Amino acid sequence: MKKYIFLIVLAFLSFYGKSENDVIIIDSSDTIPCFKLSEVAQSVDSVSLKIKGMGSAQNVFLSEDYIFLRGMSSVAQYTRSGKFLRILDCEDYTMDIAGDTTKKELYVFTGDQGRHDVRCFDMHTGRLKRKFALDSLDVTSCVFFENALWMLRGACLNKAVEYSLSKMDCQTGDIQNLGIFYEESYDKGAIVSKGNFSIYQGRLFFALNIGSTLYEIRGDKMVPYLQWQIEPGERYSSKYEVICNKAKVGRYLFIEYGLMPLTKEEAPTSYWFVKDLESDRQFNVHMEWGKKGGIRSTEDDICHSGWFSFQPLYSLPNHFYFTKETDEGLTFYIVKVKE
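All of these numbers come straight from a predicted model, not from anything done at the bench.

A few words now on the overall build of the chain. Looking only at helices and strands, the chain has one helix and 28 strands in total. Sequence separation of 24 or more characterises 48% of the internal contacts of the chain that already satisfy a separation of 6 or more. Summing over all exposed atoms, the chain offers an accessible surface of approximately 17000 Å²; the carbon and sulfur share of this is 49%.

Once that is clear, we can look at the sheet that holds strand β7 (residues 84-89). One open sheet accounts for four strands, arranged β4-β5-β6-β7; its pairing is antiparallel. Edge positions in the sheet fall to β4 (59-62) and β7, since each of these pairs with one other strand and no more. Neighbour to neighbour, the strand axes of the sheet diverge by 20° on average, direction disregarded. Summarising the sheet, strand β5 (residues 66-70) and strand β6 (residues 74-79) pair through five bridges and their orientation is antiparallel. Opposite leucine 69, over in β6, you have alanine 76 as the bridge partner.

Here we come to the environment of valine 60. With respect to the helices and strands, the residue valine 60 is situated in strand β4. In this structure the C-alpha to C-alpha distance between valine 60 and glycine 71, which are 11 residues apart in sequence, comes to 9.5 Å. Beyond its immediate chain neighbours, meaning those up to four positions away, valine 60 contacts Ile67, Phe68, Leu69, Ile97, Leu313, Tyr321 and Phe332.

Attention now goes to the pairing of strand β20 (residues 246-249). Every second residue of β20 is oriented toward a common face, with Lys246 and Lys248 on one face and Ala247 and Val249 on the other, all of them buried. Of the strand pairs in this sheet, β20 and strand β21 (residues 252-259) are connected by four bridges, and their pairing is antiparallel. Opposite valine 249, over in β21, you have tyrosine 252 as the bridge partner.

In this section: the pattern of salt bridges. Throughout the structure, instances matching the rule amount to 16 salt bridges. Of the charged contacts in the structure, one is a salt bridge between aspartate 100 and lysine 103, with a shortest N-O distance of 3.9 Å. Exposure remark for aspartate 100: the relative accessible area of 4% places this residue in the buried category. With a closest N to O distance of 2.8 Å, arginine 153 and aspartate 138 form a salt bridge. Here the residue arginine 153 occupies a position in strand β13 (residues 148-157), and aspartate 138 occupies one in the loop between β11 (128-133) and β12 (139-145), the gap between them amounting to 15 residues.

Using the criterion set out here, one finds 25 aromatic pairs in the structure. Each ring, one from phenylalanine 181 and one from phenylalanine 206, has its centre 5.0 Å from the other, and the planes form 70°; the classification is edge-to-face. Linking phenylalanine 181 in strand β15 (residues 175-185) with phenylalanine 206 in strand β17 (residues 203-208), this pair joins segments that are 25 residues apart in sequence. The same class applies to phenylalanine 181 as to phenylalanine 206, namely buried.

Rules used throughout
- Numbers given for residues are sequential positions, taken from 1 along each chain in its written order.
- Thresholds applied to this predicted model are a pLDDT of at least 70 for local features of residues and 80 or more for the giving and counting of side-chain atom pairs; totals over whole chains, interfaces and linings are not thresholded and use all residues.
- Processing note: side-chain calculations cover all non-hydrogen atoms of the structure and skip hydrogens and water entirely.
- Each helix is a run of DSSP H or I of at least 4 residues and each strand a run of E of at least 2, with the numbering of both proceeding from the N terminus.
- It only takes one pair of heavy atoms within 4.5 Å for two residues to be counted as in contact.
- Computed with a 1.4 Å probe, the accessible areas rest on the Shrake-Rupley method; for each residue, only the protein chains presented here act as cover.
- Two strands pair under a simple rule: DSSP has to find at least two bridges between them.
- Lines are fitted to the C-alpha atoms to define the axes, a helix being fitted only along its stretch in contact, and any angle between axes, read from their N-to-C directions, falls within 0 to 180 degrees.
- Each residue is placed in one exposure class: buried if its accessible area under a 1.4 Å probe, protein chains only, is under 20% of its type's maximum, exposed if it is over 50%, and partly exposed if it falls in between.
- Salt bridge, as applied in this entry: a Lys or Arg side-chain nitrogen positioned within 4 Å of an Asp or Glu carboxyl oxygen.
- Note on ring pairs: Phe, Tyr and Trp rings are taken, using the six-membered ring of Trp, and paired if centres are within 6.5 Å. Classes follow the plane angle, with under 30 degrees stacked, over 60 edge-to-face and the rest tilted.

Encoded structure:
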């Protein structure tokens, strides 16, 4: 009987991997001078876009056929080869985008002057198919997964920021609130953090940019998958700046973080931590920045585009991206991580 119990426990652990008791210790003093893209990249695709009718791109959604760039109050649509197709006028300010690649529907979160909506566009024609009202303007990040829109939300209430998870039925607009998973107190104003979703082996994960926990969504429950703790060293405050990208992409955990020095003479420092959760190989990079961005610490040794940064890409599991400005617009580098 004990043998069968052991096998059941072993099967459970092998399926779910890390548990909520796992804590990764990040020693900020143990760094490498440069992190090369080939350490994590299996392949890299690039596409150049001429930006049309937009001041800047806030974030990106990719399908098999199209690239969508979210602007301030519109979404620019391109083919995957970079040909401009159209501008989707969203009327109000846009907050985030997601999409159902099976039904070929793009979902745009918008809001202005008390109106909060999710607008559904046909990916092929750009036609507005339907629109649903949101109950508030507190959605910070969203992703489409298992026939629903999953939404991270952050609201300032009673001197605290409460973070919760909701999901929406994209056909009816019905919203199910799944509860609060994190709360942070504040005294003099607050900054609501975004978060990052990721899909890996048919499972959905998310992490707050201000948090130190990676969660997995199992059914309608949020379960801590793993946690991390940063050791700042003697010269830095134990209260470090943490509003930076944190995400699981495929088998890799990516954590951007910063440290605040104890003295005013020293400048804050930035770091990028990458860990292979299957082999336990890890890299901690001390980032240095110039007027035009990174000047060392990362190297694109595959496409030879120079230094690179990290931006999660929810619509393609096991992918992230970075961009380079050109005279005509942007070049996107779409990175598939090793499996």
